[in-house]
Amino acid sequence: MTMQKPAGGSDTFQIEPVRQRGSLSSHVAEQLEKMVTQGHIDIGQKLPTEGNLCEMFGVSRTVIREAITQLKSLGLVETKRGVGTTVVRNVLAETFYAHTINPTAIEDILHILELRLVVEAAAAEFAALRRDDDDMVRLENSLNAFHEARAQHKQARKEDYEFHLSIAIASKNPFIQSFYEQFNKNIIPRTKIINANIDPVASDTYLRRVEDEHVEIFEAIKAQNGEAARAAMHQHLFRAFHLYEKYKKNQSFD
């Protein structure tokens, strides 16, 4: 199947059938990523509408939205209500921050992130709707602690965990809090990577991105906007999932 280049160009490119194995959204995102990075869709041009993409790839709107989220996490596109999704870069904004990761650790990280996507997106929404002043103080303190740890070039593993635990506490659901306490810091992917395998420069870029996403989640909870808090948490965790999933795939071809 071919897809026409957006207005301003006459080229076409092939769309490969979406494989049934693995994440459908990742398969779609991979193809769209190639279209952007290889110049088939220029900077400033818009992607086809959700409906058109669904028809082209033969998948649901949910799959397309998750694929677009992956492109946003890579810094390639931005979406504005009433405007659509526009290409803003044609090179990836983020590289992986670790030189090597044990294959077993990668599997564990992906499995835990899948679980966190389900639980923590809901926890963030509940926190926005139920949080009190004490919760906001706890969240702000954890944000500040993360910033200080990153400024000191630490991996901020404990501080990352405490931010997410604070959200679980603010959800006012004891089972969500218990879920998070059960894993402790091991729920943070970086705890499974030894410092010797971490690229300091790439790590700093990665942690800055994590901090920005924490701030976005915090602001949504502060504003008591449950929908925005859920979306911000989902994008935060889904970006991480996609990053590790892509690392796993690349390693399998080495």
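Residues numbered from 1 in each chain as written. Predicted model: local features only at pLDDT ≥ 70, side-chain atom pairs only at ≥ 80, totals over all residues. Heavy atoms only, no water.

- Under the annotation held in an unreviewed UniProt entry, the protein chain carries the name GntR family transcriptional regulator and is attributed to Marinobacterium aestuarii.

## A few points about the nonpolar core
Then comes step 1: Judged by nonpolar contacts, the single largest core of 45 residues is most densely connected at Ile167, Tyr180 and Ile221.
Then comes step 2: Counting residues in hydrophobic clusters, the runner-up holds 22 residues, among them Met35, Val36, Val59 and Val63. (Core = buried A, V, L, I, M, F, W, Y, C linked by side-chain atoms within 4.5 Å. Buried < 20%, exposed > 50% of the residue type's maximum accessible area, 1.4 Å probe, protein only.)

## Examining the packing of aromatic side chains
Within a pair of aromatic rings, the relevant descriptors are the distance that separates the centres and the angle that separates the planes.
Then comes step 1: Applying the stated criterion across every chain yields a total of four aromatic pairs.
Then comes step 2: Plain terms: the ring middles of tyrosine 161 and tyrosine 180 are 5.4 Å apart, the flat faces sit at 25 degrees to each other, and that makes the pair stacked. Taken together, the residues tyrosine 161 in helix α6 (residues 157-170) and tyrosine 180 in helix α7 (residues 174-183) connect sequence positions 19 residues apart.
Then comes step 3: The exposure class assigned to tyrosine 161 is buried, which follows from its relative accessible area of 7%.
Then comes step 4: A relative accessible area of 1% means that tyrosine 180 is categorised as buried.
Then comes step 5: An aromatic cluster is built from Tyr161, Phe179, Tyr180 and Phe183, whose rings are joined through pairwise contacts.
Then comes step 6: One residue, arginine 130, lies across the ring of phenylalanine 126, its end atom 4.4 Å from the ring centre. (Phe/Tyr/Trp six-rings, centres within 6.5 Å; stacked < 30°, edge-to-face > 60°. Helix = DSSP H or I, 4+ residues; strand = E, 2+ residues; numbered from the N terminus. Lys NZ or Arg CZ within 6 Å of the ring centre and 35° of its normal.)

## So, the pattern of salt bridges
Then comes step 1: All told, the structure shown has twelve salt bridges when counted by the stated rule.
Then comes step 2: Across the salt bridge formed by arginine 65 and glutamate 50, the nearest N and O atoms sit 3.0 Å from each other. Placement of the pair is arginine 65 in helix α3 (residues 61-73) and glutamate 50 in helix α2 (residues 50-57), with a sequence separation of 15 residues.
Then comes step 3: Since its relative accessible area comes to 45%, arginine 65 is described here as partly exposed.
Then comes step 4: Linking arginine 230 and glutamate 125 is a salt bridge whose minimum nitrogen-to-oxygen distance equals 2.6 Å. With arginine 230 in helix α9 (residues 226-252) and glutamate 125 in helix α4 (residues 103-130), this pair connects stretches of sequence that are 105 residues apart.
Then comes step 5: On the accessibility criterion, arginine 230 (36% relative accessible area) is partly exposed.
Then comes step 6: Sharing partners across several salt bridges, the network here consists of Asp132, Asp135, Arg138 and Lys172. (Salt bridge = Lys/Arg side-chain N within 4 Å of Asp/Glu carboxyl O.)

## Here we look at the environment of asparagine 184
Then comes step 1: Among the structural elements, asparagine 184 can be located in the loop between α7 and α8 (200-222).
Then comes step 2: On the accessibility criterion, asparagine 184 (39% relative accessible area) is partly exposed.
Then comes step 3: Through-space distance from the C-alpha of asparagine 184 to that of glutamate 162 is 9.1 Å; in sequence the pair is 22 residues apart.

## Focus on the packing of helix α5 (residues 133-151) against α6
Then comes step 1: The N-to-C vectors of α5 and α6 enclose an angle of 170 degrees; their axes lie 8 Å apart at closest approach. For the element pair α5 / α6, the angle class is roughly antiparallel. Contact with α5, carried on its side by Asp135, Arg138, Leu139, Ser142, Leu143, Ala145, Phe146 and Ala149, involves Glu159, Asp160, Glu162, Phe163, Ser166, Ile167, Ile169 and Ala170 of α6 and no other residues of that element.
Then comes step 2: By residue class, the composition of the contact of α5 with α6 is nine nonpolar, two polar and five charged. (Axes fitted to C-alpha atoms, helices over the stretch in contact; angles between N-to-C directions. Parallel < 35°, antiparallel > 145°, perpendicular 65-115°, else oblique. Contact = heavy atoms within 4.5 Å. Nonpolar A, V, L, I, M, F, W, Y, C, P; charged D, E, K, R; others polar.)

## As for the side chain of serine 25
Then comes step 1: Take serine 25: it is sitting in helix α1 (residues 24-37).
Then comes step 2: The class of serine 25 is buried, set by a relative accessible area of 3%.
Then comes step 3: Only 3.4 Å separates the side chain of serine 25 from the side chain of glutamate 66, close enough to count as a polar contact.
Then comes step 4: Apart from the residues lying within four places of it in its own chain, the contact partners of serine 25 are Val63, Glu66, Ala67, Gln70 and Phe238. (Polar contact = N/O pair within 3.5 Å; in protein donor to acceptor, adjacent residues only side chain to side chain.)

## Focus on empty space enclosed by the protein
Empty space among the atoms becomes visible once a probe the size of a water molecule is rolled across them.
Then comes step 1: On inspection of all chains with the given rule, the structure shows three cavities of 30 Å³ or more.
Then comes step 2: Estimates place the volume of the largest cavity at around 100 Å³.
Then comes step 3: Surrounding the largest cavity, 13 residues form its lining, Asp160, Pro189, Tyr206, His236 and Ala240 being those nearest its centre.
Then comes step 4: Put simply, the parts of the chain that give the lining of the largest cavity at least two residues each are α4, α6, α8 and α9.
Then comes step 5: Broken down by element, the lining of the largest cavity gets its largest block of residues, four residues, from α9. (1 Å grid on protein atoms, 1.4 Å probe; cavity = no way out; pocket = protein on both sides within 12 Å on 5 of 7 lines; lining within 4 Å. Points joined across faces, edges and corners; volume = space filled by probe spheres on them.)

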